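The primary structure of each chain is shown beneath.
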Amino acid sequence: MSGKPILHYFNGRGRMESVRWLLAAAGVEFEEKILKSAEDFENLVKGGNLMYQQVPMVEIDGLNLVQTRAILKYIAAKYNLYGKDLKEKALIDMYVEGMRDLNEMIMYYPLCYPGEEEKNLNFILERATERFFPVYEKALKSHGKNYLVGNQMSWADIQLFEAILMVEELKSDILSAFPKLQEFKARMSKLPSIQKFLQPGSQRKAKMDGKNLAEAKKIFKF
Ligand SMILES: COc1ccc(CSC[C@H](NC(=O)CCCN)C(=O)NCC(=O)O)cc1
């Protein structure tokens with residue numbers, strides 16, 4: 001028993017990547033039990049440790065946590081990444097929920113109808129530049145600190161960094177109109193725990209593509 005958190009999911013970003021980011025940025029080593037087939041998933045379901053017969057599932061502190069938000073909140077609170085009081089927690093939640101809305105659009109982009117790729121991509125980029133990134137740019141400007149909330153790194157900063165990298169995979173110059181976000185990205189990129197996770201061969205998963213989406217469809221039968 002290594003005592004490290006154990007992540008149960010398939011070999012893709014999907015609904016687990018934000019959990020990988022949060023643990024990695026917190027400097028917490030974790031293990032992964034990668035589901036490779038529908039049989040692997042069925043066996044995990046039969047084991048009875050999936051509350052809703054779904055993954056992601058994270059074994060941590062003797063718990064079998066499911067539902068991505070619940071997992072993220074537990075980890076953020078456990079590693080002091082969830083603010084110092086109720087107000088900071090609420091602000092972190094509001095920022096994180098916006099980023100998760102953006103991440104969800106990006107996650108499902110590979111599933112868009114044939115011929116609608118450009119329309120969907122333009123919608124994602126429009127939402128990123130017109131609705132979400134302006135919020136975080138203004139927050140960094142008005143807060144005047146290196147982080148979105150309080151004066152230390154929180155879950156919100158890690159989720160924002162992940163979101164920035166994901167949108168840059170779709171359009172590399174997406175931050176051109178956001179100088180504070182450019183500075184934020186540069187600062188976060190210097191953190192040793194994040195530098196380690198960005199190294200090739202880390203547990204960070206590749207951008208979703210047709211191949212690993214087909215694998216997910218096969219494993220989870222959707
Ligand atoms: C677009 O990218 C992906 C990649 C993987 C998945 C599947 S994640 C596995 C799925 N879990 C959930 O839907 C959790 C939702 C909790 N609110 C799962 O376990 N499916 C099996 C099932 O639902 O029976 C979906 C989209």
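Because the structure is predicted, anything quoted here is derived from the model rather than measured.

Caption draft 1: Seen up close, the site of the ligand. The local shell around the ligand holds 17 residues, among which Tyr9, Gln54, Val55, Gln67 and Met107 are the closest. For the ligand, a nitrogen atom lies 2.7 Å from a polar atom in the backbone of valine 55. A total of 640 Å² of accessible area belongs to the ligand in isolation, and the protein chains cover 78% of it. Elements that contribute at least two residues to the shell around the ligand include exactly strand S1 (6–10), helix H4 (86–108) and helix H9 (210–220). For the shell around the ligand, the leading source of residues is H9, giving 3 residues. Considering only residue class, the shell around the ligand consists of 12 nonpolar, 4 polar and 1 charged.

Caption draft 2: Just the nonpolar core, in detail. Residues Val19, Phe133, Tyr136, Leu148 and Leu181 are the most contacted members of the largest nonpolar core, which totals 70 residues. With 10 residues, the single largest contributor to this core is helix H6 (residues 155–170). Contacts of leucine 148, omitting those with residues within four sequence positions, involve Tyr95, Met99, Tyr136, Ala139, Leu140, His143, Ala156, Asp157 and Leu160.

Caption draft 3: Up close: the sheet that holds S1. If you trace the 4 strands from one edge of the open sheet to the other, you get S2-S1-S3-S4, paired in mixed fashion. The open sheet has two edge strands with one neighbour each: strand S2 (31–35) and strand S4 (63–66). Across the sheet, the mean angle separating the axes of adjacent strands is 20° when strand polarity is ignored. The pairing of S1 with strand S3 (residues 57–60) spans 3 bridges and is antiparallel. When the sheet's bridge partners are listed, histidine 8 is paired in S3 with methionine 57. Contacts from helix H3 (residues 68–78) reach S3 and S4, with the element oriented near 125° to S4. Sheet strands in contact with H9 are S1 and S2, and its direction is about 100° off that of S1.

Caption draft 4: Here's a closer look at the packing of aromatic side chains. A full pass over the atoms with the stated rule returns 9 aromatic pairs. On the basis of an interplanar angle of 70° and a centroid distance of 5.6 Å, the ring pair of tryptophan 21 and phenylalanine 161 is categorised as edge-to-face. Within this pair, whereas tryptophan 21 is found in helix H1 (residues 17–25), its partner phenylalanine 161 is found in helix H6, the two being separated by 140 residues in sequence. Given the relative accessible area of 1%, phenylalanine 161 is considered buried. Its guanidinium or amino end placed over the ring of tyrosine 82, lysine 89 lies 5.3 Å from that ring's centre, counting from NZ or CZ.

Caption draft 5: Molecular detail of the pattern of salt bridges. Applying the stated rule across the entire model yields 18 salt bridges. One salt bridge connects glutamate 32 with arginine 20, and the closest N-O pair in it is separated by 2.7 Å. Of this pair, glutamate 32 sits in strand S2 while arginine 20 sits in helix H1, and the two are 12 residues apart along the sequence. Given the relative accessible area of 21%, glutamate 32 is considered partly exposed.

Caption draft 6: Spatial organisation of the side chain of arginine 13. Among the secondary structure elements, arginine 13 is positioned in the loop between S1 and H1. Exposure remark for arginine 13: the relative accessible area of 6% places this residue in the buried category. Side-chain polar atoms of arginine 13 contact the side chain of glutamate 169, separated by 2.8 Å. Non-local contacts of arginine 13, meaning those with residues more than four positions away in its chain, are made with Arg20, Met166, Glu169, Arg204, Lys205, Ala206, Lys207 and Met208.

Caption draft 7: Main features of the environment of glycine 201. Turning to its location among the elements, glycine 201 is positioned in the loop between helix H8 (192–198) and H9. Judged by relative accessible area, glycine 201 falls into the exposed class, the value being 85%. As a C-alpha pair, glycine 201 and arginine 131 span 70 residues in sequence and 34 Å in three-dimensional space.

Thresholds applied
- Residues numbered from 1 in each chain as written.
- Predicted model: local features only at pLDDT ≥ 70, side-chain atom pairs only at ≥ 80, totals over all residues.
- Heavy atoms only, no water.
- Near = heavy atom within 4 Å.
- Polar contact = N/O pair within 3.5 Å; in protein donor to acceptor, adjacent residues only side chain to side chain.
- Areas by Shrake-Rupley, 256 points an atom, 1.4 Å probe, with all protein chains shown as cover.
- Helix = DSSP H or I, 4+ residues; strand = E, 2+ residues; numbered from the N terminus.
- Nonpolar A, V, L, I, M, F, W, Y, C, P; charged D, E, K, R; others polar.
- Core = buried A, V, L, I, M, F, W, Y, C linked by side-chain atoms within 4.5 Å.
- Buried < 20%, exposed > 50% of the residue type's maximum accessible area, 1.4 Å probe, protein only.
- Contact = heavy atoms within 4.5 Å.
- Pairing = 2+ DSSP bridges.
- Axes fitted to C-alpha atoms, helices over the stretch in contact; angles between N-to-C directions.
- Phe/Tyr/Trp six-rings, centres within 6.5 Å; stacked < 30°, edge-to-face > 60°.
- Lys NZ or Arg CZ within 6 Å of the ring centre and 35° of its normal.
- Salt bridge = Lys/Arg side-chain N within 4 Å of Asp/Glu carboxyl O.

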